[in-house]
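Structural features, examined
Chain by chain, the residues run as shown.
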Amino acid sequence: VAGADNQIFERRESVVRSYCRGVDVVLAGGRGSLVRDVHGREYVDFLAGAGALNYGHNDPDMKVALLEYIAGDGIAHGLDLYTDAKRGFLQAFEDLVLAPRGMDHHVQFTGPTGANGVEAALKLARKVTGRTNVIAFTRGFHGLSLGALAATANSTMRMAPHNALGGVTRMPYDGYLGPGTDTAELLAAVLADPSSGVDPPAAVLLETVQGEGGLDQASPRWLRRVAGLAREHGALLVVDDVQAGCGRTGTFFSTEAAGVVPDAVVLSKSLSGFGLPMSVVLVRPGYDLWEPGQHTGTFRGNAHAFVTATVALRKFWSTEAFTHDVHRRAGLVTERLTALADELPGARVKGRGLMQGVQVEPALAARTTRACVDAGLIIERAGPRGEVLKVFAPLTTPDDLLEHGLDLLAGCVLAGRP
Ligand code: PMP
């Protein structure tokens, strides 16, 4: 049946498709952490829109707010005109996110995608510092549009040297050279040495947990050291929280546990809470040196996204219960993945919060993804060889459904062993 369902995609859509290679069913609907295909079969969703659906599918409160807004003929798209929807979002963001954390950052609306946000942040860092070089890290992922691509490590995605814009120096991420080498000190040495050939950077760009790169994470100590180096060398610390932000790791920003406040933070994916495209860069006011109209884009004013984002912020970030639930569920995932890894030689658990996964043999990971679809679970992989099975359930997944998904995952991994 799947073959017949898929004919138009095979015939007409560009071969560049990726996720559907592992998940070849045609999806029709979703509610919470479950999706269903056109035949009504249900699947537990551990992909969650690649991190864009932290609150699951069709959250009832966001849905009602959006339907009311549309029924009242609210502005759908407002460029950067002042709209009531944007005002509501900014107020909620100030009240619930910025003010409680003592952050005075300005909010720049940068368009629909994470890559749009990353590029805006880098462009601004270059403008602020008058420098061009950007320090990025091994296995970092920052988007695939030409500018963001330069900072993305994956060479398959960069394809050929001519695809990468210049001006990025890639340094080893925390742990990349093994436990014996502190890569923050390596960065310190390179930046301190004028003969290193590494130009003084405009920005140090990093993820605190590498969402696509394989769920490696930076220790709080490493992050603090790198933040200190950025400051010392006059570069902006730009944290790409496109995937790890908006609560994925258990705090709104993934840097909170380390006590680091970046000069610029990029948010996208789950910011709207409903899967609607939206990205922002938060920037310290002293660095908000754009001239009016200098960095524009048509779709900076997605009012529908502002409406649902406002509900998402109000609903979850005004209470501690939500974060508490995320931590409990994260503990459950750690426990279950650790038990699974114990049964597989060489396997290990990676990541933190609800951004965890289990690293297995790449071929086993690939087999598992496909077997999971048959078993009723949608799951994707990360890492340079697709070796990390990524448990990316919506933050709101009820414990029993999370357990059920983890059961399906463990069953498929163990059944797929050679
Ligand atoms: N940064 C990170 C950390 C990401 O995970 C992604 C998307 N996977 C991006 C940037 C790019 O976002 P988008 O695909 O919306 O351009």
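Keep in mind that this is a model prediction, so the values were computed, not measured. (Residues numbered from 1 in each chain as written. Predicted model: local features only at pLDDT ≥ 70, side-chain atom pairs only at ≥ 80, totals over all residues. Heavy atoms only, no water.)

Let us look at the packing of helix α14 (residues 362-375) against helix α15 (residues 399-415). Where α14 meets α15, the axes come as close as 9 Å, and the angle between the chain directions of the two elements is 130 degrees. Relative to α15, the element α14 lies oblique. At the point where α14 passes α15, the crossing takes the right-handed sense. Residues Leu364, Thr368, Ala371, Cys372 and Ala375 of α14 lie in contact with α15, whose contacting residues are Leu408, Leu409, Cys412 and Val413. (Axes fitted to C-alpha atoms, helices over the stretch in contact; angles between N-to-C directions. Helix = DSSP H or I, 4+ residues; strand = E, 2+ residues; numbered from the N terminus. Parallel < 35°, antiparallel > 145°, perpendicular 65-115°, else oblique. Left-handed = near helix turned anticlockwise from the far one by under 90°. Contact = heavy atoms within 4.5 Å.)

To continue, consider the side chain of His295. With respect to the helices, strands and loops of the structure, His295 is situated in the loop between β10 (279-283) and α12 (303-317). Engagement of the side chain of His295 in a polar contact is seen with the side chain of Lys123, the distance being 2.9 Å. Once residues within four sequence positions are removed from consideration, His295 is found in contact with Gln108, Ala120, Lys123, Trp290 and Arg300. (Polar contact = N/O pair within 3.5 Å; in protein donor to acceptor, adjacent residues only side chain to side chain.)

For the rest of this paragraph, the subject is the pairing of strand β11 (residues 348-352). Where β11 meets strand β12 (residues 355-359), 5 bridges bridge the pair, whose relative direction is antiparallel. Following the sheet pairing, Lys350 is matched in β12 by Gly357. Counting the residues in the hairpin turn of β11 and β12 gives 2 residues, including Gly353, whose phi is positive at 60 degrees. (Pairing = 2+ DSSP bridges.)

The local shell around the ligand consists of Thr113, Gly114, Ala115, Phe141, His142, Gly143, Glu207, Glu212, Asp240, Val242, Gln243 and Lys269. At 2.6 Å from a nitrogen atom of the ligand is found a side-chain nitrogen or oxygen belonging to Asp240. Taking Lys269, its side chain carries an N or O atom lying 3.1 Å from a nitrogen atom of the ligand. Class assignment of the residues belonging to the shell around the ligand gives a composition of 3 nonpolar, 5 polar and 4 charged. (Near = heavy atom within 4 Å. Nonpolar A, V, L, I, M, F, W, Y, C, P; charged D, E, K, R; others polar.)

One open sheet holds the 7 strands; their spatial order is β4-β10-β9-β8-β7-β5-β6, and the pairing between them is mixed. Only two strands of the sheet have a single partner each, and these edge strands are β4 (106-111) and β6 (168-171). Recorded for the sheet is a direction-independent mean angle of 20 degrees between the axes of neighbouring strands. Sheet analysis places β4 next to β10, joined by 5 bridges and oriented antiparallel. Bridging from a neighbouring strand, Gln108 pairs with Val281 of β10.

Take the nonpolar core next. With 64 residues, the main nonpolar core has Phe93 and Leu267 as its most contacted residues. No other element matches the 9 residues that α12 contributes to this core. Phe137, Val190, Val204 and Leu237 belong to the second largest nonpolar core, which has 24 residues in total. (Core = buried A, V, L, I, M, F, W, Y, C linked by side-chain atoms within 4.5 Å. Buried < 20%, exposed > 50% of the residue type's maximum accessible area, 1.4 Å probe, protein only.)

Before going further, it helps to examine the packing of aromatic side chains. Within this structure, the stated rule accounts for 10 aromatic pairs. Summarising the aromatic geometry, the rings of Phe109 and Phe306 are spaced 5.1 Å apart at their centres and angled 65 degrees between planes, so their arrangement reads as edge-to-face. Taken as a pair, Phe109 in strand β4 and Phe306 in helix α12 lie far apart in primary sequence, 197 residues in all. Here Phe109 matches Phe306 in class, with each residue buried. When the ring of Phe137 is compared with that of Tyr173, the centres are 6.2 Å apart and the planes differ by 65 degrees; the resulting orientation is edge-to-face. (Phe/Tyr/Trp six-rings, centres within 6.5 Å; stacked < 30°, edge-to-face > 60°.)

Moving on to the confidence of the model for the protein chain. Per-residue confidence for the protein chain gives a mean pLDDT of 95, with 98% of residues at or over 70. With a pTM of 0.98, the predicted complex shows an ipTM of 0.99. (pLDDT = per-residue confidence, 0-100.)

The sheet built from 4 strands is open, its strands ordered β11-β12-β15-β14 with antiparallel pairing. For this open sheet the edge positions go to β11 and β14 (380-382), each flanked by a neighbour on one side alone. Each strand of the sheet is rotated relative to its neighbour by a mean of 35 degrees, with strand direction disregarded. By the bridge criterion, 3 bridges tie β14 to strand β15 (residues 388-391) in an arrangement that is antiparallel. What sits directly across from Ala382, in β15, is Val388.

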